[in-house]
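Chain by chain, the residues:
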Amino acid sequence: MPVKLGREVLAALVTAGVCAAAVAEPVVADPPSTAYAEILPAPVSARADRGGFTIDRHTTISAGPGARGVADHLAGILRPSTGRPLPIVPAGRRGNTIALTMDGSDGPRERYRLDVNGRGVTITAGRADGLFAGVQTLRQLVHGHTVPAGNVTDAPRFAYRGAMLDVARHYFTVAQVERYIDELVQYKISVLHLHLTDDQGWRLMIDSWPRLAAVGGSTAVGGDPGGYYTQAQYRAIVEYAASRFMTVIPEIDMPGHVNAALAAYPELTCDGVAPPLYTGTGVGFSSLCVPKEITYQFLDDVIGELAALTPGPYLHIGGDEAHATSRADYVTFMNRVQGIVAAHGKRVQAWHQIAAATPLPGTVAQYWGTTNAEVAAATGVVLSPANLAYLDMKYNDRTPLGQDWAALIEVRDAYDWDPGTYLPDVPSSAVRGVEAPLWTENLRTPDELEYMAFPRLAAIAELGWSPASTHDWDAFKVRLAAQAPRWRAQGIDFYPSTQISWR
Ligand code: TNX
């Protein structure tokens, strides 16, 4: 909005040495906002105009059919932050409104357009997921009660933009997982991969094998308190994510990483003797018994219940670090389990070691190596290189939390790579996207999760969403710095990397 400069102000500016010719220009206040250059992840294109829109006590949110859920989500954020009532009204309202409009057009999922002028805000998309993405962009543009004028045209580079949380090494409550979901979706993360089982804990009640959770879920690393999700609680997490257009991919890790299951059911071991519960941090010492038939009855039951709890198409079957399983057994096992998953109507995601077996068409291999090694024979690949994308790696040798076996990962390391060209033997057309795993061997609280995830999660989110042409460390640093006030307001305990000039 134009601002008239009074005589005293002009005089003061001139006295202060500001060029008189510049201040004598008629009303050129409110230059285009820099906020459009600070949207993270960077959009396909954005332009700032002069002026802006003010959210006042008459402003409405107007939502057409199918947009009501997104409108509720937006109101839930803007009502507390602006103190305005922001009633939701039917579509068609003109002026002083934030309009969420579905234009019925095709095009890439999550595509949206956002326009802001003095009369209001319009977000237009072909589908509700695009409106939701546009709302996340709008959140970053709102400062106080004002939204600077401009427009954004946007769509994701990759559909799969994931974050993994290891709730097996340490248990996190439903509310804690939901908080992490909210932190993730504001950077347009679309997949939550939950690592539900490992040597130290089994975290999902399987009704047909109840001791998995009751016994196998009773502890955690270091003897910390265990816990598990009932099926109703687990459904609540899945629904919470779905209402934010996020897909949950549940992981039951096998044939290794199964000590908690073996401790609960001795019949699953080859010698019939249950090992004790395990609270250390070693890996690669446990295995399901590949020759025993009961192993596959067990997996059919577990996968059947899990498939019934999972609206998304994928179940993750682990397959990593099976050092206590012979190679021949591993191949036999992974091939048979892929069939069980398919029989329950789902597709397989697994760590990239599954490439040593015979991946079924549609199986997705998740690369977690550090050496750009070949991942053959998978129709799709998700990239989580441990030395670039692992959020549990320390930032530097003074980081009090986390591990360092793969690398020390500063913010720039997490950002400066290209998922499209990372694996030389995998064409970019086979790359489904990126995922940032957060393993929790030595992370026990939400604050500790946040410290390791932020700011690097934002870097991985941008690699997943933004066109490769926007990749630019100097511009990213500015976008990232602009997030800090939001993180402080949200109580996110981030690592204040010295690579960034934080606001
Ligand atoms: C490797 S990555 C693992 C996990 C550990 C992680 C710690 C992968 C598929 N397996 O079991 O938690 O390293 O960084």
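Quick caveat, the model's predicted, so the values are computed rather than measured.

### Thoughts on the overall build of the protein chain
Link 1 in the chain: The helix and strand tally for the protein chain stands at 16 helices and 17 strands.
Link 2 in the chain: Each principal axis of the C-alpha atoms in the protein chain carries an extent, and together these give about 90 × 50 × 45 Å.
Link 3 in the chain: Taking all 503 residues of the protein chain together, the buried fraction comes to 56%.
Link 4 in the chain: Within the protein chain, residue pairs in contact and separated by at least 24 positions form 71% of the contacts whose partners lie at least 6 positions apart.
Link 5 in the chain: Summing over all exposed atoms, the protein chain offers an accessible surface of approximately 19400 Å²; the carbon and sulfur share of this is 55%.
Link 6 in the chain: Once the 41 positive and 51 negative side-chain charges of the protein chain are each reduced to a mean point, those two points are 10 Å apart.

### Considerations on helix α5 (residues 174-185)
Residues lying three or four places apart along an α-helix face the same way, a consequence of the helix completing one turn every 3.6 residues.
Link 1 in the chain: Its twelve residues give α5 an end-to-end C-alpha distance of 16 Å, which sits within 8% of 16 Å, the value for a rise of 1.5 Å per residue.
Link 2 in the chain: Buried residues of α5: Val-174, Val-177, Glu-178, Tyr-180, Ile-181, Glu-183, Leu-184 and Val-185, and no others.

### A look at the site of the ligand
Link 1 in the chain: Near the ligand there are 13 residues, and of these Arg-169, Tyr-390, Asp-392, Trp-405 and Glu-441 occur at the shortest range.
Link 2 in the chain: Separating an oxygen atom of the ligand from a side-chain N or O atom of Glu-321 is a distance of 3.1 Å.
Link 3 in the chain: Here the ligand, which alone exposes 360 Å², has 98% of that area covered by the protein.
Link 4 in the chain: Residues that form the shell around the ligand fall into these classes: six nonpolar, two polar and five charged.

### Notes on the state of the cysteines
Link 1 in the chain: Applying the stated criterion to the full structure yields one disulfide.
Link 2 in the chain: Residue pairing for Cys-270: its cysteine sulfur links by disulfide to Cys-289, the two sulfurs lying 2.0 Å apart. Handedness here is read from the sign of the S-S torsion; for Cys-270 and Cys-289, about 100°, the answer is right-handed. Of this pair, Cys-270 sits in the loop between α8 (259-264) and α9 (294-308) while Cys-289 sits in the loop between α8 and α9; the two residues are 19 residues apart in sequence, bridging distant segments of the chain.
Link 3 in the chain: Take Cys-270: its relative accessible area is 55%, and that puts it in the exposed class.

Reading guide: rules and limits
- Residues numbered from 1 in each chain as written.
- Predicted model: local features only at pLDDT ≥ 70, side-chain atom pairs only at ≥ 80, totals over all residues.
- Heavy atoms only, no water.
- Helix = DSSP H or I, 4+ residues; strand = E, 2+ residues; numbered from the N terminus.
- Buried < 20%, exposed > 50% of the residue type's maximum accessible area, 1.4 Å probe, protein only.
- Contact = heavy atoms within 4.5 Å.
- Areas by Shrake-Rupley, 256 points an atom, 1.4 Å probe, with all protein chains shown as cover.
- Lys, Arg positive; Asp, Glu negative; His and termini not counted.
- Charge placed at Lys NZ, Arg CZ, Asp CG, Glu CD.
- Expected span 1.5 Å × (residues − 1).
- Near = heavy atom within 4 Å.
- Polar contact = N/O pair within 3.5 Å; in protein donor to acceptor, adjacent residues only side chain to side chain.
- Nonpolar A, V, L, I, M, F, W, Y, C, P; charged D, E, K, R; others polar.
- Disulfide = S-S within 2.5 Å.

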